[in-house]
Amino acid sequence: GQNIDQPTEMTATEGAIVQINCTYQTSGFNGLFWYQQHAGEAPTFLSYNVLDGLEEKGRFSSFLSRSKGYSYLLLKELQMKDSASYLCAVLNNNDMRFGAGTRLTVKP
Amino acid sequence: DVKVTQSSRYLVKRTGEKVFLECVQDMDHENMFWYRQDPGLGLRLIYFSYDVKMKEKGDIPEGYSVSREKKERFSLILESASTNQTSMYLCASRRDRISSGANVLTFGAGSRLTVL
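What counts and how
Residues numbered from 1 in each chain as written. Chains lettered and ligands numbered in written order. Predicted model: local features only at pLDDT ≥ 70, side-chain atom pairs only at ≥ 80, totals over all residues. Heavy atoms only, no water. Phe/Tyr/Trp six-rings, centres within 6.5 Å; stacked < 30°, edge-to-face > 60°. Helix = DSSP H or I, 4+ residues; strand = E, 2+ residues; numbered from the N terminus. Buried < 20%, exposed > 50% of the residue type's maximum accessible area, 1.4 Å probe, protein only. Pairing = 2+ DSSP bridges. Axes fitted to C-alpha atoms, helices over the stretch in contact; angles between N-to-C directions. Polar contact = N/O pair within 3.5 Å; in protein donor to acceptor, adjacent residues only side chain to side chain. Contact = heavy atoms within 4.5 Å. Buried area = accessible area lost by both parts, 1.4 Å probe. Salt bridge = Lys/Arg side-chain N within 4 Å of Asp/Glu carboxyl O. Nonpolar A, V, L, I, M, F, W, Y, C, P; charged D, E, K, R; others polar.

Q: Quick question: what am I supposed to make of the packing of aromatic side chains here?
A: We describe a pair of aromatic rings using the distance from one ring centre to the other and the angle between the two ring planes. One pass over the structure, following the stated rule, counts 17 aromatic pairs over all chains. Considering the side-chain rings of Phe33 of chain A and Phe45 of chain A, the 6.2 Å spacing of their centres and the 65° angle between planes classify their relative orientation as edge-to-face. Of the two residues, Phe33 of chain A is situated in strand β4 (residues 31-37) and Phe45 of chain A in strand β5 (residues 44-49); the sequence distance between them amounts to 12 residues. The exposure class assigned to Phe33 of chain A is buried, which follows from its relative accessible area of 0%. Note on Phe45 of chain A: relative accessible area 26%, which makes it partly exposed. Note on Phe98 of chain A and Phe107 of chain B: the rings are 6.2 Å apart at their centroids and 75° apart in plane angle, and the pair reads as edge-to-face. On the criterion of chain membership, the pair formed by Phe98 of chain A in strand β10 (residues 95-98) and Phe107 of chain B in strand β10 (residues 106-107) is interchain, its members lying in two chains. Since its relative accessible area comes to 8%, Phe98 of chain A is described here as buried. One aromatic cluster in this structure is built from Phe33, Tyr35, Phe45, Tyr48 and Phe98 of chain A together with Phe33, Tyr35, Phe48, Tyr50 and Phe107 of chain B.

Here is the structure:
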């Protein structure tokens, strides 16, 4: 089967750093995506990793280890507007599989 | 920016009714997708289309059909709605057939369907 696991909920404080983990077991791998989804809104693309290592985009970074089937999304200098769900998705050939999402709450 | 527009944000229907969910994208994308999103289950692919009049089943096509008569429009049809089809439905489009960091899914805001 194919599993993509991420924590259901996380809470962090404004200004802090939070790491959202995603582990996957899939029959193949062609890339990993992170999407952000605010309540009642469309998911929006954040990052894409296909090779091992860290990709940095401003306050957001995403890391991938293909041998461990593991990725994380790192959010720095948290802001209240970062409260949202974060979706991990794995690409296998042209088949995209999504995790259930992690709901992040940022508190003052 | 690519816009994917779903015509109805909220719908309430009765069991057995026929339901149409409409999706329109404005950037000439060839590929369009319908997902449903349920708590704890993530996004699951219902149907997708790589071209006009073409359709392919996703992971959970049962109880659904689709129509793609024009490139910009992809409709999801529930022939006879049931309570287990109460869900958030998300439409998405993508420029090219193969996903990559430069060719990502763009989603609509969703249609929340309640079947009583």
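Q: Could you clarify how one ought to interpret the sheet that holds strand β1 (residues 4-6) of chain B in this entry?
A: Strand pairing in a sheet relies on backbone hydrogen bonds. The paired strands run either parallel or antiparallel. All names here are of chain B. Spatially, β1-β3-β8-β7 is the arrangement adopted by the four strands of the open sheet, whose pairing is antiparallel. Every interior strand has two partners, whereas the edge strands, β1 and β7 (65-70), have only one. Each neighbouring strand pair of the sheet contributes to a mean axis angle of 20°, computed without reference to strand direction. Bridge count for strand β3 (residues 19-25) against strand β8 (residues 73-78) is six bridges, and the pairing is antiparallel. In the strand pairing of β8, Val24 is matched with Arg73.

Q: Got a minute to help me understand the pairing of β5 of chain A in this structure?
A: Along any regular strand, the residues point their side chains to alternate faces of the sheet. Residue and element names in this part refer to chain A. Note that β4 and β5 share five bridges and pair antiparallel. Of the residues in β5, the one forming a bridge with Phe33 is Tyr48. Between the end of β4 and the start of β5, which pair antiparallel, lie six residues, with Gly40 showing a positive phi angle near 75°.

Q: Looking at this structure, how should I read the side chain of His29 of chain B?
A: Residues and elements named next belong to chain B. Tracing the sequence through the fold places His29 in the loop between β3 and β4 (31-38). The exposure class assigned to His29 is buried, which follows from its relative accessible area of 7%. In terms of polar contacts, His29 uses its side chain to reach the backbone amide nitrogen of Arg94, at 3.4 Å.

Q: Got a minute to help me understand the environment of Thr102 of chain A in this structure?
A: All names here are of chain A. Mapped onto the elements, Thr102 comes out in strand β11 (residues 102-107). Considering only alpha carbons, one finds Thr102 and Ser47, 55 residues apart in sequence, at a separation of 16 Å. Leave out the neighbours within four places in its chain, and Thr102 touches Gln6, Pro7, Thr8, Glu9, Met10, Ile20, Ala84, Ser85 and Tyr86. For Thr102, the side chain forms a polar contact with the side chain of Gln6, separated by 3.0 Å.

Q: Would you mind going over the sheet that holds strand β1 (residues 3-5) of chain A with me for this structure?
A: All names here are of chain A. Across the sheet, which stays open at both edges, the five strands sit in the order β1-β3-β8-β7-β6 with antiparallel pairing between neighbours. Single-partner strands in this sheet number two, and they are β1 and β6 (53-57). For this sheet, the mean angle separating the axes of adjacent strands, direction not counted, is 15°. Judged from the six bridges that link them, strand β7 (residues 60-65) and strand β8 (residues 70-75) form a sheet pairing that is antiparallel. If you follow Phe63 over to β8, its bridge partner there is Tyr72.

Q: How do you make sense of the interface of chain A and chain B when you look at a structure like this?
A: It is common to report an interface's size as the accessible area lost on association of the parts. Facing 17 residues of chain A, the contacting portion of chain B comprises 21 residues. Both sides together, the interface formed by chain A and chain B hides about 1,500 Å², and carbon and sulfur atoms give 56% of it. Summed over the three residues of chain A that lose the most area to chain B, namely Pro43, Asn94 and Phe98 of chain A, the buried surface amounts to 33% of that side. The tally of links from chain A across to chain B stands at one salt bridge. Residue Arg97 of chain A pairs with Asp59 of chain B through a salt bridge whose shortest N-O separation is 3.0 Å. For the pair chain A and chain B, the number of links is four residue pairs in polar contact (both at pLDDT 80 or more). Across the side of chain A that touches chain B, the residue classes break down as 11 nonpolar, four polar and two charged.

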